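Residue-level structure breakdown
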Amino acid sequence: MADAFIEIASVSKVFGSVTAVDNISLSIRKGEFFSLLGPSGCGKTTLLRVLGGFETPSDGKVMIEGQEVTHMPAHLRPTNMVFQNYAIFPHLNVEQNVAYGLRQQKLSREAQAEKVSAALSMVQLEGFEKRGADEMSGGQKQRVALARALIKRPKVLLLDEPLGALDKKLREEMQIELRLLQQQVGITVVFVTHDQEEALTLSDRIAVMSEGRILQNAPPREIYERPCSRAVADFIGQMNLLDGIIESVGEQVLVSSPELGSVSVDSNNQTVRAGDAVTLAVRPENLSLSDNPAPGGLAVTLTASSYFGDTTHYRVSPLQGDGSTLDVSQQDYQGSDRSGDQAWLHFDSRNFLLLKD
Ligand SMILES: Nc1ncnc2c1ncn2[C@@H]1O[C@H](COP(=O)(O)OP(=O)(O)OP(=O)(O)O)[C@@H](O)[C@H]1O
Ligand SMILES: [Mg+2]
């Protein structure tokens, strides 16, 4: 990448028999909000620690601003890391914890106090200056750790699940704060999370990881709308995944599935041949239910429904097929919604995504 600010080149990290990071190459631009997203144990923290200088890669190299930093100690890098377990100093109060980030700068007491209170207000902890570290909740400690990292205004902020211990409302507020701050100050952020919604809302780009590798690296909309594999589709949001066999390949691809019969879909840039086993992916919000058998409707049996306020989620089982179920999310289905009732499922096959693996 021509404008790469951080460059990770063929980096691996092996611990004994575990390959935590498996030959990852990745470029991050200046000012980008980049997220590493993936299930527990997929190597997110390890990769972040390699970037921060807390882990030496077994292979490959790391460049920041054109300078190789692979073996540079953490304190000499233009990075600052907030650790997953919100490490703050237990023997210091909140103010001292946050000001710790400024220890190398020669600041007057007033200037320091001003910066500390600005950082604390960013994480909504005004007035907590004198509180002891052990008198804070998990979420509060996490916010102190974040303030301590923010106060130095590092070029690169490495955040390992920094909002994990916060309740939903506070987490959403902090997400907005973080995004604003990152845009105003132009910090490059590498953000680790296993929460896909958080990654989708916050990021300019997301790398979806699994078992030490990157499955897809793309902007949130692309990750959500065009996942590149069944694994990514399955991990990001709710997705119906149907097995199918390619019948024929022309301008459109004809796929037959036990539940839907034959459907014609876009090739999604996949190279397929007649007879190939594929997956058809479709979001619950792209399916709908009705009481009447309009053309193209598929007879289904309702097996469950749950009310979410703004939408209702239905699980249905097509009458044809092998008993597998589909999830439908819909605002205004007025029909009967008791388990065992019959309804009609409608879809537009343009919303189906063809996936090869
Ligand atoms: N110091 C270590 N020694 C041995 N194995 C390690 C070490 N650190 C990490 N691992 C292993 O490497 C793999 C990746 O761990 P890592 O902490 O990077 O995962 P993660 O994606 O951050 O997971 P989580 O979401 O649970 O925090 C795991 O199998 C883990 O057990
Ligand atoms: Mg981790």
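Residues numbered from 1 in each chain as written. Chains lettered and ligands numbered in written order. Predicted model: local features only at pLDDT ≥ 70, side-chain atom pairs only at ≥ 80, totals over all residues.

**A short note on the overall build of the protein chain**
Threshold: Under the DSSP-based scheme used, a helix requires at least four consecutive residues in state H or I and a strand at least two consecutive residues in state E, with every element numbered from the N terminus.
Across its full length, the protein chain holds eight helices and 20 strands. The principal-axis extent of the C-alpha atoms belonging to the protein chain is close to 75 × 45 × 35 Å.

**A word on the site of ligand 1**
So the rule is basically this: A residue counts as near a molecule or strand when its C-beta atom, positioned from the backbone, falls within 6 Å of it. Ten residues, namely Ala, Val, Leu, Ile, Met, Phe, Trp, Tyr, Cys and Pro, are considered nonpolar, four, namely Asp, Glu, Lys and Arg, are considered charged, and the remaining ones, Gly among them, are considered polar.
What surrounds ligand 1 is a group of 13 residues, the closest being Phe15, Ala20, Ser40, Thr45 and Thr46. With three residues, helix H1 (residues 44–52) is the largest single contributor of residues to the shell around ligand 1. Looking at the shell around ligand 1 residue by residue, the class counts come to four nonpolar, eight polar and one charged.

**Regarding helix H4 (residues 138–150)**
Spelled out, the test is: Expected helix span is computed as 1.5 Å times (number of residues minus one). Residue burial here comes from a neighbour count, namely the number of other C-beta atoms, placed from the backbone, that lie within 10 Å of the residue's own C-beta, with 20 or more meaning buried, 12 or fewer meaning exposed, and in between meaning partly exposed. A pair of residues counts as a contact when their C-beta atoms, built from backbone coordinates, are separated by no more than 7 Å.
Between the first and last C-alpha of H4 there are 18 Å, a value that for 13 residues agrees with the 18 Å anticipated at 1.5 Å per step. The element H4 is extensively covered by neighbouring structure, given that 11 of its 13 residues are classed as buried. Every buried residue of H4 is listed here: Gln140, Lys141, Gln142, Arg143, Val144, Ala145, Leu146, Ala147, Arg148, Ala149 and Leu150. Where the residues of H4 are buried, they touch strand E6 (79–82), helix H2 (94–99), helix H3 (109–122), strand E7 (156–160) and helix H5 (168–185).

**Re the pairing of strand E1 (residues 4–15)**
The cut-off we apply is this: Two strands qualify as a pair provided DSSP detects at least 2 bridges between them.
In terms of strand pairing, E1 meets strand E2 (residues 18–29) through eight bridges, oriented antiparallel. Across the sheet, residue Val11 finds its bridge partner in E2, namely Ile24. Remark: two residues form the turn of the hairpin made by E1 and E2, two consecutive strands paired antiparallel; Gly16 in that turn has positive phi of roughly 55 degrees. Of the strand pairs in this sheet, E1 and strand E4 (residues 59–64) are connected by five bridges, and their pairing is antiparallel. Its bridge partner lying in E4, Ser12 is registered against Asp59.

**Brief notes about the sheet that holds E4**
Heads up, the rule is: Axis angles are defined between N-to-C directions and span 0 to 180 degrees, where every axis is a line fitted to C-alpha atoms and, for a helix, only to the segment in contact.
Taken together, four strands build an open sheet; the order of strands is E2-E1-E4-E5 and the sheet is antiparallel. Only two strands of the sheet have a single partner each, and these edge strands are E2 and strand E5 (67–68). Most of the contacts of H1 go to E2, to which it runs at about 60 degrees, and overall it touches E1, E2 and E4.

**Section: the sheet that holds strand E19 (residues 342–347)**
The five strands are arranged E15-E19-E16-E17-E18 in an open sheet whose pairing can be described as antiparallel. Strand pairing shows two members of the sheet lacking a second neighbour, strand E15 (287–290) and strand E18 (326–330), which therefore form its edges. Sheet twist, expressed as the mean angle between neighbouring strand axes with direction ignored, is 45 degrees. Here strand E16 (residues 298–307) runs beside E19; their pairing, made up of four bridges, is antiparallel.

**Topic: the domain arrangement of the protein chain**
How large an interface is tends to be reported as the accessible area lost when its parts come together. Quick note on the threshold: An automatic or database domain assignment supplies the residue ranges for each domain.
Entries for the protein chain in the domain assignment read domain 1 (4–233) and domain 2 (238–355). On a C-alpha basis, the centroid separation for the pair domain 1 and domain 2 is 39 Å. Counting from both sides, the interface comprises four residues of domain 1 and, opposite them, six residues of domain 2. Grouping the constituent residues of the side of domain 1 that touches domain 2 by class yields one nonpolar, one polar and two charged.

**Observations concerning H3**
This is how the line gets drawn: Here the arc refers to the directions that run from the helix axis out to each C-beta atom.
Look at H3: 20 Å from first C-alpha to last across 14 residues, which is about the 20 Å you get at 1.5 Å a residue. Among all positions in H3, only Lys115, Val116, Ala119 and Leu120 are buried. Considered in projection along H3, the buried side chains sweep an arc of 135 degrees and stay on one side of the axis. Residues of H3 that are exposed and point more than 90 degrees away from the buried face comprise Glu110, Ala111 and Glu114. Against H2 and H4 lie the buried residues of H3. Positive phi shows up at Gln124, right after H3, with a value of about 55 degrees.

**Let's talk about the environment of Ala118**
Within the fold, Ala118 resides in helix H3. Along the primary structure Ala118 and Ala147 are separated by 29 residues, whereas in three dimensions their C-alpha atoms are 9.0 Å apart.

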